[in-house]
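Listed below are the residues making up each chain.
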Amino acid sequence: PKPGEKAILLFDEINQGQPHAISMFFKMLEDRGMFNYELPDDCVVIALMNPSSGGYSVSKIETNRAITRRLKKFYVYNTFGDWVKHAESDEFHHGDAFLKGRACYPWVLRFLRTEPSLLYAAKDRDGDKAFACPATWQTVSADLYALESEYGDLSDKDTARKFYDEAEEIVGASVNTVM
């Protein structure tokens, strides 16, 4: 950001970073700049991280007293209803260039509405398998849109025979083949 520009500087999964990257992040927090660069006063610094619990392999920077003193911490948890509301919106594929303005693929929503607990498969995650979570369902949705683009109407039985094996492999790569 340039001086006078209001901005947010977002560091995603900061506790996945290497020690030198975390040191650079700390310097940005402490000095509001790095090298010859200075953050504008209207720039907010936000760091996102996964919890240092369960099977996540992360550094425990949230227990670092110097960092803790400089951060405000919020625990964010989304319910299935929150996720569905987002999935039905035209913002769902905001970060997917070729799908901007599209909601989640209807089959994904239909599948998850039958069993909402499958939105997040903690057991698969803890077993170090490919696992279902909101991010992987977005990937599955994008994959199904790509298959539809290649094969046509996926609900057509003749079309379905052509793409079934490929779809199973592609979707299984994100959420595992059992899912």
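Every chain is numbered independently, its residues counted from 1 as its sequence is written. Only residues with pLDDT of 70 or above have their local features reported here, since the model is predicted, and side-chain atom pairs are shown and tallied only from 80 upward, although totals for entire chains, interfaces and linings are computed over all residues. The basis for every side-chain value is the complete set of heavy atoms in the structure, and neither hydrogens nor water enter the calculation.

Participant: Please provide a residue-by-residue account of the overall build of the protein chain, values included.
Facilitator: Broken down by element type, the protein chain carries 7 helices and 4 strands. Strands are runs of DSSP state E lasting at least 2 residues, helices are runs of H or I lasting at least 4, and numbering of each runs from the N terminus. Taken from N to C terminus, the helices and strands of the protein chain fall in the order β-α-β-β-β-α-α-α-α-α-α. A radius of gyration in this sense is built from C-alpha atoms; the matching globule rule multiplies 2.2 Å by the number of residues raised to 0.38. The globule rule puts the C-alpha radius of gyration for 179 residues at 16 Å, and the 20 Å found for the protein chain is more than 25% above it. With respect to the three principal axes, the spread of C-alpha positions in the protein chain is 60 × 40 × 30 Å. To sort residues, take the accessible area from a 1.4 Å probe on protein chains only and compare it with the maximum for the residue type: under 20% means buried, over 50% means exposed, and anything in between is partly exposed. Of all 179 residues assigned to the protein chain, the portion counted as buried reaches 28%. Should any heavy atoms of two residues lie within 4.5 Å, those residues are considered in contact. By sequence separation, contacts in the protein chain at least 24 residues apart represent 58% of the contacts at least 6 residues apart. In short, Shrake-Rupley with a 1.4 Å probe defines the accessible areas, and a residue's cover is counted only from the protein chains shown. When the accessible surface of the protein chain is split by element, carbon and sulfur atoms take 53% of a total near 12,000 Å². Of note, the protein chain has its 21 positive side-chain charges centred 7 Å away from the centre of its 28 negative side-chain charges. A residue counts as positive if it is Lys or Arg and as negative if it is Asp or Glu; His and the chain ends are not included. To locate a charge, the coordinates of NZ of Lys, CZ of Arg, CG of Asp or CD of Glu are taken.

Participant: Go over the pattern of salt bridges, please, and point to the residues and values.
Facilitator: A side chain of one charge can pair with a side chain of the opposite charge if their charged atoms are brought near each other. A pair is scored as a salt bridge if a Lys or Arg side-chain nitrogen falls within 4 Å of a carboxyl oxygen belonging to Asp or Glu. Across all of its chains, the model carries 4 salt bridges by this definition. In this structure, the salt-bridge partner of Asp31 is Lys27, at a minimum N-O distance of 2.6 Å. Pair noted here: Asp31 and Lys27 are both in helix H1 (residues 19-31), with a separation of 4 residues, about one helical turn. Assessed through its relative accessible area of 37%, Lys27 is described here as partly exposed. Arg70 serves as the salt-bridge partner of Glu30, at 2.3 Å between the closest nitrogen and oxygen. Placement of the pair is Glu30 in helix H1 and Arg70 in helix H2 (residues 65-70), with a sequence separation of 40 residues.

Participant: How would you explain helix H3 (residues 80-87) if you had to name every residue and give the values?
Facilitator: Where H3 is concerned, the buried positions are Trp83, Val84 and Ala87. All buried residues of H3 project into a common sector of 100° when viewed along the axis, lining one side. Packed against the buried residues of H3 are helix H4 (106-114) and helix H6 (134-151). This arc is built from the directions going out from the helix axis to the C-beta atoms.

Participant: Describe the environment of Cys104, listing the residues and the values that go with them.
Facilitator: Checked against the element boundaries, Cys104 lands in the loop between H3 and H4. Given the relative accessible area of 3%, Cys104 is considered buried. Each C-alpha atom, one on Cys104 and one on Glu166, is 20 Å from the other, the two residues being 62 residues apart in sequence. Beyond its immediate chain neighbours, meaning those up to four positions away, Cys104 contacts Trp83, Ala87, Phe92, His93, Leu109, Ser141 and Tyr145.

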